[in-house]
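# Topology and contacts: notes
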Amino acid sequence: MTAARHGVPWFRFFSGALETLLPLPCPLCGKGVPFDGTPNMFCGECMKRMPMIRGKVCRTCGAEIDGIFESCSECMNHPKPPWTRAYALFRYTDEVLDCIHLFKYQGRTELARPLGRLAAGLADAESLRYDCIVPVPLHWRRFLKRGYNQSALFARQLGGHLGIPVRGLLRRVRHTKQQAFLTKNERNSNIAGAFSISDSTVAEMCSILLVDDVMTTGATLREAAGVLLENGAERVDVLVIARRQRN
Ligand SMILES: [Zn+2]
Ligand SMILES: [Zn+2]
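In this report, we go over the structure that sits alongside the text. This is a predicted model, so every value here is computed, not measured. (Residues numbered from 1 in each chain as written. Chains lettered and ligands numbered in written order. Predicted model: local features only at pLDDT ≥ 70, side-chain atom pairs only at ≥ 80, totals over all residues. Heavy atoms only, no water.)

A word on unusual backbone geometry. With a phi close to 60°, N40 is a non-glycine residue in the positive phi region. Mapping N40 onto the fold places it in the loop between α2 (10-21) and α3 (44-49). For N40, a relative accessible area of 25% corresponds to the partly exposed category. (Helix = DSSP H or I, 4+ residues; strand = E, 2+ residues; numbered from the N terminus. Buried < 20%, exposed > 50% of the residue type's maximum accessible area, 1.4 Å probe, protein only.)

Tallied over the entire structure, the rule returns one cavity of 30 Å³ or more. When its volume is computed, the largest cavity comes out at roughly 130 Å³. Lining the largest cavity are 15 residues; nearest its centre among them are C75, H78, T217, R222 and R243. The residue inventory of the lining of the largest cavity, partitioned by class, reads six nonpolar, five polar and four charged. (1 Å grid on protein atoms, 1.4 Å probe; cavity = no way out; pocket = protein on both sides within 12 Å on 5 of 7 lines; lining within 4 Å. Points joined across faces, edges and corners; volume = space filled by probe spheres on them. Nonpolar A, V, L, I, M, F, W, Y, C, P; charged D, E, K, R; others polar.)

Any two of four tetrahedral donors ideally make an angle of 109.5 degrees at the metal, while pairs among six octahedral donors ideally make 90 or 180 degrees. For the zinc ion (ligand 2), the protein coordination sphere consists of C58 (SG), C61 (SG), C72 (SG) and C75 (SG), at 2.3 Å. One can describe the donor arrangement at the zinc ion (ligand 2) as tetrahedral, given that its four donor atoms subtend angles of 103 to 118° at the metal. The sequence pattern formed by the donor residues of the zinc ion (ligand 2) is C-x2-C-x10-C-x2-C. Judged by its relative accessible area of 4%, C72 falls in the buried class. Classification of C75 as buried rests on a relative accessible area of 14%. (Donors = N, O, S within 2.8 Å, 3.2 Å for Na, K, Ca; no water. Tetrahedral: all angles 85-135°; square planar, octahedral: opposite > 155°, others 65-115°.)

Around the zinc ion (ligand 1), the donor atoms from the protein are C26 (SG), C29 (SG), C43 (SG) and C46 (SG), and they sit 2.3 Å away. The sequence pattern describing where the donors of the zinc ion (ligand 1) fall on their chain is C-x2-C-x13-C-x2-C. With C26 in the loop between α2 and α3 and C46 in helix α3, the pair connects residues that are 20 residues apart, well separated along the chain. The same class applies to C26 and to C46, which are both buried.

Strand order in the open sheet formed by four strands is β1-β6-β5-β2, and the pairing between neighbours is parallel. The open sheet has two free edges, formed respectively by β1 (86-90) and β2 (132-135), since each of these has just one partner strand. In this sheet, adjacent strand axes meet at a mean angle of 25° when their direction is disregarded. Each of β1, β5 (207-215) and β6 (235-243) is contacted by helix α5 (residues 94-105), which is oriented at about 110° to β6, the strand it contacts most. (Pairing = 2+ DSSP bridges. Axes fitted to C-alpha atoms, helices over the stretch in contact; angles between N-to-C directions. Contact = heavy atoms within 4.5 Å.)

In this section: the pairing of β1. The side chains of a regular strand alternate between both faces of the sheet. For β1, the tally of buried residues reaches five of five residues, placing the bulk of the element in the interior. Here β1 pairs with β6 via four bridges, running parallel. Among the inter-strand pairings, Y87 is bridged to a residue of β6, identified as L239.

Its location among the elements puts R187 in helix α9 (residues 184-191). Lacking a salt bridge, the buried R187 has E186 as its closest oppositely charged neighbour, with an N-O distance of 7.4 Å. (Lys, Arg positive; Asp, Glu negative; His and termini not counted. Salt bridge = Lys/Arg side-chain N within 4 Å of Asp/Glu carboxyl O.)

Let us now look at the pattern of salt bridges. Scanning the entire structure with this criterion turns up nine salt bridges. A salt bridge links R117 to D36; the nearest nitrogen and oxygen atoms lie 3.6 Å apart. One end of the pair, R117, is in helix α6 (residues 112-125); the other, D36, is in the loop between α2 and α3, and 81 residues separate them in sequence.

Take it as geometry only, folks, not as evidence of what the structure does.
Here's what the structure looks like:
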């Protein structure tokens, strides 16, 4: 009666009420209900299989560590990266990798929502504040083939929750082989000179959160962060969905 009186069609009223009673299923498995009761969120079972990183982390790459050191053994054996701090959302389990593959290669762009919201929770917990968020760009050829840039979709969701603008400050000026199939040395030379700045005035004096899906050797992120800093960025931090360690 109330709905009809205010001019809301009865079916809209009914479907709204139904949505409250029956929350949308988990966007990953399509079965469970959201673990926190909010729409477009993973279910408890999926969250158990994709454990988020908590506790002490490596300042350089965001991976979980124990012991007295500030960095993981892999980071200690590599030159210091250009960014100040790195954050990773999930441990690198097979299930996390499967989720990232669906998001990145299988067109499951709706996964940007729960991933972005969980990353915003991490940023809030760490009180992270930036002038802008910059996604690692794809070369236009890869973008046309895939139809979307997963890092940009993730960045947009994250920025929306945090109220921080997302800026496409980097351009991929060179088409490179996919890093996943290369050795560490090949990755470094493959990615060298791959990025350029699209607007140096925006980068100047800005603190920037650079986001990507996975960090493995960090070669792509080093190159991208380096370009932002060379163009006047005051500080660059890095956030990835997962950090892949190779021990
Ligand atoms: Zn699920
Ligand atoms: Zn590390």
